[in-house]
Structures are given as structure tokens and as C-alpha cells.
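Here is how the chains run, residue by residue.
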Amino acid sequence: GAVVSQHPSWVICKSGTSVKIECRSLDFQATTMFWYRQFPKQSLMLMATSNEGSKATYEQGVEKDKFLINHASLTLSTLTVTSAHPEDSSFYICSARQAPYSGANVLTFGAGSRLTVL
Amino acid sequence: QKEVEQNSGPLSVPEGAIASLNCTYSDRVSQSFFWYRQYSGKSPELIMSIYSNGDKEDGRFTAQLNKASQYVSLLIRDSQPSDSATYLCAVTSNFGNEKLTFGTGTRLTIIP
């Protein structure tokens, strides 16, 4: 089945530094990827929709200059948390759907990246 | 009002019994409904999807959808300790829109 690889699985960084998280579709092409954030004991909140070759669409309240998303190819999307602060500590999860779109389809999730900002 | 609501639990069910998980949603035009299972520290994995009113069965799992009541449920028969997890209900507004809105999840514990 479809596999989405997310890296790194966990990262610890100092406040003020930037962290990049990669999301790769291993055996399919993903025109659209979604980035979610999940705080402890809370549900997944969509941060942005990443479209290959175009700018990402951010959800209300998500700072596009802080959470930089790049989807330069059909198999790779990256999320960069710039100038990270402790409140950015969270579980970041990407998901992707295959291309071409074939109907009401389900998404494939990456394993998630746990970010801890000291 | 939250768009997708679930009882946070915890819900404790004896091994072998039926676990019943419920979810309500606020957007009447919602078309696609999903149940995901999430183990602690892991990403969600899809259990069931349902798009039309009625029941849909897959092994020990049955999803039930009632669009008039804006209600979707998941039944787990013959519950196993490995079913202990948080179950997330997710909804999309229309076919082709994979922008999932998740509920807060119900934590299920199966007691051996």
C-alpha cells in the first residue's frame, strides 16, 4: 500500500533555531499533502495544505512566515519551523493523497515528528 | 460549537465485549466520514470509512452513519486489549475534499 515517510521522527532544538521536517511519498506521487499539528491530549489540527508547484494554503491562525512549507516535487513536502519557541513543541504529522485523484479517497499519514523546543 | 464532537472518555470495556464509540458533527453538508485509531505517540491509522447512511462492516468493526441526526458511530466487537487506543472521528465536507476535520478523540481501554 501507499507509504509516507516522515523524518525526523523526533527532534530537540534550542529556542530561536529552525527545524525542517520532511514528508516523502515512497511509492506514489502526491500532488497534495497536508500538515497537521497535535498537542498533548488534543486532536489533530490542520495547519496547511501543500500543493506541488504552488504556494501552500494556510489555515486561519497559522503563521505562514513561521511555518514554511515547500512542495517542490510530487514526492516531497517539507515543513520548516522557523525561530522555534517552546510553544511550538508539538507532534507534527503529514499526510498525502495519491495522484491522479481517483474519487473519495483516504489519506496516508506519515509517522509523525515530535518537536521539543528547549 | 465544535465541528466534530466526541466523548473524550476514557471508555473502559471488558475484553470480548462490544465497544461503542460515538461522534457528532455540525456541518450538514459533510459527506465523508472516517474513523482513525491512534496509539500513544503514533500517527493515526485508518480503521473505517463510510459515505452513505446505514451500517458498514469490516471484520470486527462496524461503522454506522445517520446523516439526518449528524451522527456517526463505530462498534468494535470481541474487543481485544490491542484495541486500546484513542479513536478519532474525522469528517470532510464533500467528495474530493480531503481536508479532514478531526474530533478530539475517545480514549478506549480494553480490560483483560
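These lines cover the structure that appears in this document, whether it is placed above or below. (Residues numbered from 1 in each chain as written. Chains lettered and ligands numbered in written order. Predicted model: local features only at pLDDT ≥ 70, side-chain atom pairs only at ≥ 80, totals over all residues. Heavy atoms only, no water.)

Concerning the pairing of strand β5 (residues 45-51) of chain A
Residue and element names in this part refer to chain A.
In step 1: Burial analysis of β5 places 5 of its 7 residues in the buried class, which makes it a mostly covered element.
In step 2: As judged from the 6 bridges shared by strand β4 (residues 32-38) and β5, these two strands associate in the antiparallel manner. In the strand pairing of β5, Arg37 is matched with Met45.
In step 3: Relative to strand β6 (residues 57-58), β5 runs antiparallel, the two sharing 2 bridges. What sits directly across from Thr49, in β6, is Thr57. (Buried < 20%, exposed > 50% of the residue type's maximum accessible area, 1.4 Å probe, protein only. Helix = DSSP H or I, 4+ residues; strand = E, 2+ residues; numbered from the N terminus. Pairing = 2+ DSSP bridges.)

Focus: the interface of chain B and chain A
One widely used convention gives an interface's size as the accessible area the parts lose upon coming together.
In step 1: In this complex, chain B contributes 19 residues to the contact, which on the side of chain A involves 21 residues.
In step 2: Buried surface at the junction of chain B and chain A, summed over both partners, amounts to about 1,500 Å²; 60% is from carbon and sulfur atoms.
In step 3: Where chain B packs against chain A, one counts 0 salt bridges.
In step 4: If you look at where chain B meets chain A, you find 4 residue pairs in polar contact (both at pLDDT 80 or more).
In step 5: At 3 residues, the largest contribution of residues to the side of chain B that touches chain A is made by strand β4 (residues 32-38) of chain B.
In step 6: Grouping the constituent residues of the side of chain B that touches chain A by class yields 9 nonpolar, 7 polar and 3 charged. (Contact = heavy atoms within 4.5 Å. Buried area = accessible area lost by both parts, 1.4 Å probe. Salt bridge = Lys/Arg side-chain N within 4 Å of Asp/Glu carboxyl O. Polar contact = N/O pair within 3.5 Å; in protein donor to acceptor, adjacent residues only side chain to side chain. Nonpolar A, V, L, I, M, F, W, Y, C, P; charged D, E, K, R; others polar.)

With respect to the side chain of A:Ser25
Residue and element names in this part refer to chain A.
In step 1: Mapped onto the elements of the fold, Ser25 is located in strand β3 (residues 19-25).
In step 2: Of note is the side chain of Ser25, whose polar atom sits 2.7 Å from the backbone oxygen of Phe28.
In step 3: Contacts of Ser25, omitting those with residues within four sequence positions, involve Val3, Val4, Ala30, Met33, Leu74 and Thr75.

Quick look at the sheet that holds strand β7 (residues 67-73) of chain A
All names here are of chain A.
In step 1: Spatial ordering of the open sheet is given by β1-β3-β8-β7, a layout of 4 strands whose pairing is antiparallel. This sheet does not close on itself; its edge strands, each paired only once, are β1 (4-7) and β7. Direction aside, the axes of adjacent strands within the sheet are offset by 15° on average. (Axes fitted to C-alpha atoms, helices over the stretch in contact; angles between N-to-C directions.)

Details of the nonpolar core
In step 1: Grouped together as the largest cluster of nonpolar side chains are 24 residues, with contacts concentrated most on A:Trp35, A:Phe67, A:Leu79, A:Tyr92 and A:Leu115.
In step 2: Those elements that place two or more of their residues in this core are β2 (10-13), β3, β4, β5, β7, β8 (76-81), β9 (90-97) and β11 (113-117) of chain A.
In step 3: Apart from the residues within four sequence positions on either side, A:Phe67 is in contact with A:Arg37, A:Met47, A:Tyr58, A:Val62, A:Leu79, A:Thr80, A:Val81, A:Asp88 and A:Tyr92.
In step 4: With 23 residues, the next largest nonpolar core counts B:Cys23, B:Ile47, B:Phe61 and B:Tyr87 among its residues. (Core = buried A, V, L, I, M, F, W, Y, C linked by side-chain atoms within 4.5 Å.)

Considerations on the environment of B:Gly16
All names here are of chain B.
In step 1: Relative to the assigned elements, Gly16 resides in the loop between β2 (11-14) and β3 (19-25).
In step 2: Placed 75 residues apart in sequence, Gly16 and Val91 show a C-alpha to C-alpha distance of 29 Å.
In step 3: In this structure Gly16 touches Asp78 and Ser79, once residues within four positions along its chain are discounted.

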